[in-house]
Amino acid sequence: PVRIPRILDYGCGVGAGVLSVCRQGFPYEGFAIEYSAECLHWLNTQGVHAVSDLRDLNDNLQFDALILS
């Protein structure tokens with residue numbers, strides 16, 4: 001089975017970086033670290049796996065790209 005590439009956007013706000021890549025038709029699975037509860041809610045409604053702390057992600061996850069903006 002082919003694994004879908006994963007992108008982690010750290011401190012992403014409303015997710016402009018991760019959402020722009022995922023919405024361009026690229027087959028990426030989006031993840032985000034963000035502290036704002038409003039942004040977390042928005043990101044999760046958009047299909048991004050968004051959490052407020054890196055420790056909340058599965059330790060076994062591997063990412064193919066990071067966005068730090």
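Here the structure is shown first, and the text comes after it.
About the thresholds
Residues numbered from 1 in each chain as written. Predicted model: local features only at pLDDT ≥ 70, side-chain atom pairs only at ≥ 80, totals over all residues. Heavy atoms only, no water. Helix = DSSP H or I, 4+ residues; strand = E, 2+ residues; numbered from the N terminus. Rg over C-alpha atoms; globule rule 2.2 N^0.38 Å. Contact = heavy atoms within 4.5 Å. Areas by Shrake-Rupley, 256 points an atom, 1.4 Å probe, with all protein chains shown as cover. Lys, Arg positive; Asp, Glu negative; His and termini not counted. Charge placed at Lys NZ, Arg CZ, Asp CG, Glu CD. Salt bridge = Lys/Arg side-chain N within 4 Å of Asp/Glu carboxyl O. Buried < 20%, exposed > 50% of the residue type's maximum accessible area, 1.4 Å probe, protein only. Patch = residues over 30% accessible without salt bridge, like charges linked within 9 Å, V, L, I, M, F, W, Y side chains within 5 Å. Core = buried A, V, L, I, M, F, W, Y, C linked by side-chain atoms within 4.5 Å.

Colleague: Even after reading the chapter, I still don't get the overall build of the chain, so can you show me in this structure?
Modeller: Across its full length, the chain carries two helices and four strands. Order of helices (α) and strands (β) in the chain, N terminus to C terminus: β-α-β-α-β-β. For 69 residues, the compact-globule formula gives about 11 Å, and the C-alpha radius of gyration of the chain, at 11 Å, lands near that figure. For the chain, the spread of C-alpha atoms along the principal axes amounts to about 35 × 30 × 20 Å. Long-range contacts, defined here as pairs at least 24 residues apart, represent 46% of the contacts in the chain between residues at least 6 apart. Looking at the chain as shown, the accessible area adds up to about 4,600 Å², and 56% of this sits on carbon and sulfur atoms. Computed over 4 positive and 8 negative side-chain charges, the separation of the two mean positions in the chain equals 6 Å.

Colleague: Please explain the pattern of salt bridges as it appears in this structure.
Modeller: A side chain with one charge may pair with a side chain of the opposite charge, provided their charged atoms come close. Tallied over the full model, the rule gives three salt bridges. Asp64 is the partner of Arg3 in a salt bridge, and the nearest nitrogen-oxygen pair spans 3.1 Å. Here Arg3 is found in the segment before β1 (6-10), whereas its partner Asp64 is found in the loop between β3 (49-51) and β4 (65-68), with 61 residues between them in sequence. Across the salt bridge formed by Arg6 and Glu29, the nearest N and O atoms sit 3.3 Å from each other. With Arg6 in strand β1 and Glu29 in strand β2 (residues 29-33), the pair connects residues that are 23 residues apart, well separated along the chain. Taking the relative accessible area as the measure of exposure, Arg6 reaches 17% and is therefore buried. Classification of Glu29 by relative accessible area gives partly exposed; the value is 26%.

Colleague: I keep staring at a nonpolar patch on the surface and nothing clicks. Help me out?
Modeller: Side chains of Tyr10, Tyr35, Leu54, Leu66 and Leu68 sit close together on the surface and give an oily, nonpolar patch of about 580 Å² of accessible area. Checked against the element boundaries, Leu68 lands in strand β4.

Colleague: I would appreciate a short explanation of the nonpolar core in the present structure.
Modeller: As a rule of thumb, soluble globular proteins bury nonpolar side chains together. Ile7, Cys12, Val18, Leu19, Ala32, Leu40, Leu43, Val48, Ala50 and Ile67 together form the largest nonpolar core, which totals ten residues. When residues of this core are traced back to their parent elements, those giving at least two are α1 (16-22) and α2 (37-45). If sequence neighbours within four positions are ignored, Ile7 has contacts with Val18, Val21, Tyr28, Glu29, Gly30, Phe31, Phe63, Ala65 and Ile67. In terms of nonpolar packing, the next biggest core, distinct from the first, is built from five residues, Leu8, Phe31, Val51 and Leu57 among them.

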